[in-house]
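# Descriptive structure summary
Here is what each chain is made of, one letter per residue.
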Amino acid sequence: MATVYLCIGTQKTGTTSLQRFMAMNKVALSKQGFCYPRMDSLGFGDIYNNRNGHFLAYLSLSEERVRNREEEKKKRKEAYRMLAQIAEEYSNLVLSDEIIWYQCRKYKNFWQEMVEEFKKINCEVKIVVYLRRQDQVLQSLWNQRVKRMPCITQAFDVWLQEKRYKWFPVDYYGHLMQIAQAVGKENIFVRVFERGQFEGAENSLLSDYMKTIGLQMTDEFIIDKQEVNLALSGNFIKMKQIMNGMPEYLEMDNFMWEELVSASVFQASQNKHEKASMLSYEEWQSFMQQFEEGNRKVAQEFLGREDGVLFREPILNLPKWQENENTMYRDMLTFLVEMCCKYEKQVRELNTRIEDLEKEIGIVGREQKKLANKGSLVSRSYRKVKRMIKNGTSQ
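Residues numbered from 1 in each chain as written. Predicted model: local features only at pLDDT ≥ 70, side-chain atom pairs only at ≥ 80, totals over all residues. Heavy atoms only, no water.

Any two aromatic rings considered together are summarised by their centre-to-centre distance and by the angle between their planes. Scanning the entire structure with this criterion turns up 20 aromatic pairs. Note on tyrosine 5 and phenylalanine 34: the rings are 6.2 Å apart at their centroids and 20° apart in plane angle, and the pair reads as stacked. Of this pair, tyrosine 5 sits in strand S1 (residues 2-7) while phenylalanine 34 sits in strand S2 (residues 34-35); the two residues are 29 residues apart in sequence, bridging distant segments of the chain. Taken as a pair, tyrosine 5 and phenylalanine 34 share a single burial class, namely buried. Aromatic rings pair up to connect Trp142, Phe156, Trp159, Tyr165, Trp284, Phe287 and Phe291 into one cluster. Cation over ring: arginine 67 sits above tyrosine 107, and NZ or CZ is 4.6 Å from the ring centre. The ring centre of phenylalanine 302 lies 5.5 Å from the NZ or CZ of lysine 185, which sits over that ring. (Phe/Tyr/Trp six-rings, centres within 6.5 Å; stacked < 30°, edge-to-face > 60°. Helix = DSSP H or I, 4+ residues; strand = E, 2+ residues; numbered from the N terminus. Buried < 20%, exposed > 50% of the residue type's maximum accessible area, 1.4 Å probe, protein only. Lys NZ or Arg CZ within 6 Å of the ring centre and 35° of its normal.)

The next point concerns the state of the cysteines. All told, the structure shown has zero disulfides when counted by the stated rule. There is no disulfide at cysteine 123, and the cysteine sulfur nearest it, in cysteine 35, is 11 Å away. (Disulfide = S-S within 2.5 Å.)

Here we come to the sheet that holds strand S5 (residues 188-192). Backbone-to-backbone hydrogen bonds pair the strands of a sheet. The strands run either parallel or antiparallel. Read from one edge of the open sheet, five strands run S2-S3-S1-S4-S5, paired in parallel fashion. This sheet does not close on itself; its edge strands, each paired only once, are S2 and S5. Against the sheet, helix H15 (residues 292-303) makes contact with strand S4 (123-131) and S5, and its axis sits at roughly 130° relative to S5, the strand it touches most. (Pairing = 2+ DSSP bridges. Contact = heavy atoms within 4.5 Å. Axes fitted to C-alpha atoms, helices over the stretch in contact; angles between N-to-C directions.)

Below, the discussion takes up the nonpolar core. The biggest cluster of nonpolar side chains holds 85 residues, and the ones touching the most others in it are Leu6, Phe55, Trp111, Phe118, Leu131 and Ile188. Every residue in contact with tryptophan 111, bar those within four places of it in the chain, is listed here: Leu6, Ile8, Ile100, Cys104, Ile127, Ile179, Ala182 and Val183. Counting 20 residues, the second largest nonpolar core, distinct from the first, contains Cys7, Phe198, Leu206 and Met210. (Core = buried A, V, L, I, M, F, W, Y, C linked by side-chain atoms within 4.5 Å.)

Buried residues dominate strand S3 (residues 92-96), accounting for five of its five residues. Note that S1 and S3 share five bridges and pair parallel. Paired with valine 4 across the strands is leucine 93, a residue of S3. Two strands pair when backbone bridges link them, and S2 and S3 are joined in this way by two bridges, in the parallel orientation. By the bridge assignment for S3, phenylalanine 34 is matched with asparagine 92.

Moving on, we come to a negative patch on the surface. On the surface, Glu355, Asp356, Glu358 and Glu360 cluster together into a negatively charged patch. Mapped onto the elements of the fold, glutamate 355 is located in helix H16 (residues 325-394). Looking at glutamate 355, the relative accessible area reads 44%, which means it is partly exposed. (Patch = residues over 30% accessible without salt bridge, like charges linked within 9 Å, V, L, I, M, F, W, Y side chains within 5 Å. Areas by Shrake-Rupley, 256 points an atom, 1.4 Å probe, with all protein chains shown as cover. Salt bridge = Lys/Arg side-chain N within 4 Å of Asp/Glu carboxyl O. Lys, Arg positive; Asp, Glu negative; His and termini not counted. Charge placed at Lys NZ, Arg CZ, Asp CG, Glu CD.)

Right, let's talk about the side chain of lysine 12 for a bit. Turning to its location among the elements, lysine 12 is positioned in the loop between S1 and helix H1 (15-23). No salt bridge is formed by the buried lysine 12, whose closest oppositely charged neighbour, glutamate 98, lies at an N-O distance of 8.2 Å. A polar side-chain atom of lysine 12 sits 3.2 Å from a polar atom in the side chain of glutamine 144. Apart from residues no more than four positions distant in its own chain, lysine 12 is found in contact with Arg132, Val137, Ser140, Leu141, Gln144, Phe193 and Asn229. (Polar contact = N/O pair within 3.5 Å; in protein donor to acceptor, adjacent residues only side chain to side chain.)

With that settled, consider the packing of helix H7 (residues 134-148) against helix H11 (residues 235-244). Packing of H7 against H11 leaves a shortest axis separation of 9 Å and a crossing angle of 50°. With respect to their mutual orientation, H7 and H11 come out oblique. Between H7 and H11 lies a crossing whose hand is left-handed. Residues Trp142, Asn143, Val146 and Lys147 of H7 touch H11, and the partners they reach there are Ile237, Lys240, Gln241 and Asn244. Residues that form the contact of H7 with H11 fall into these classes: three nonpolar, three polar and two charged. (Parallel < 35°, antiparallel > 145°, perpendicular 65-115°, else oblique. Left-handed = near helix turned anticlockwise from the far one by under 90°. Nonpolar A, V, L, I, M, F, W, Y, C, P; charged D, E, K, R; others polar.)

Let us now look at unusual backbone geometry. Cis geometry marks the peptide bond from glycine 9 to threonine 10, where omega comes out at 10°. Relative to the helices and strands, threonine 10 is located in the loop between S1 and H1. You will see that asparagine 109, though not glycine, has its phi angle at about 55°, which is positive. If you trace the backbone, asparagine 109 turns up in the loop between helix H5 (100-103) and helix H6 (110-120).

Structure (structure tokens):
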């Protein structure tokens, strides 16, 4: 029987980096009996190529937002057929998609049906989930949605008060217990997304992840140090909120967000002392009280900690973020430079392509002229021969 390690996030816990690492180390994984299968043929698009567990969370929606459950079943059936073949060759399969953490609630009996389907292909399931402290994950989720969803315009405190995050399960204990009813508590590996709690040789997220699923780091593994899914900071969040509220911008498919992130990252690297929180220290302490009991139970029942401490990093006493008019001009100029540099680069690339095309056209034109000249010569020769034949016949 093969073991399926299903990594369900949560969001904003480095899952994108872990997925990239697994996807680019097929050979090294196979030598330890592991496979991170490619599921590209299911046709979810490039964004899901590394998120090979997406078939479990896939929602088929029409342009009118009508759900096609038969299409969803068809995709899952095809995925299980593919995995059945892979499970005959490998003893360990790793699947990952961070949206499973919340998307599972849109399916009736999601976990029970998933376990049964894997049993049919002779696989047992173990769940890997990273938990990040609720105040941190909610700030990060809001930041992500402002960055990637042009319709999000609410300030963080409004977004929080209106519970716009309710799609994301922040009652960790309650949600884990629902999963445990089908999977079994012993098959859920709960990890804490804090630097001080990572295990493994390097005490990093990657080493912790590899230790959790039973992988050994060797020299054959390729580590991509490129940072992915970077956040907006400071005034750049405010800029994006304003952009998101402009009707013309909504029609531009989230135009310019990458340049805004680049400008934000640059300024953050130049002004590392400028740290702030979206709520005050007192506000966060009050907010986190509602999760104390649930977090304590997670620590005790899933991690075996008698002290009931799940998150060890304290809430930092940071100033509450405010728009800084004194630095806004600097940040806007940085953003403008990022935009100009990007499009200047594109203009140069297009000019180079145009020059190359003009050269090709010139070569083709010269060749056509040569052919035309040859054609004219052949035509004259043909007429001369024709006259000679005619004259010869008349004689």
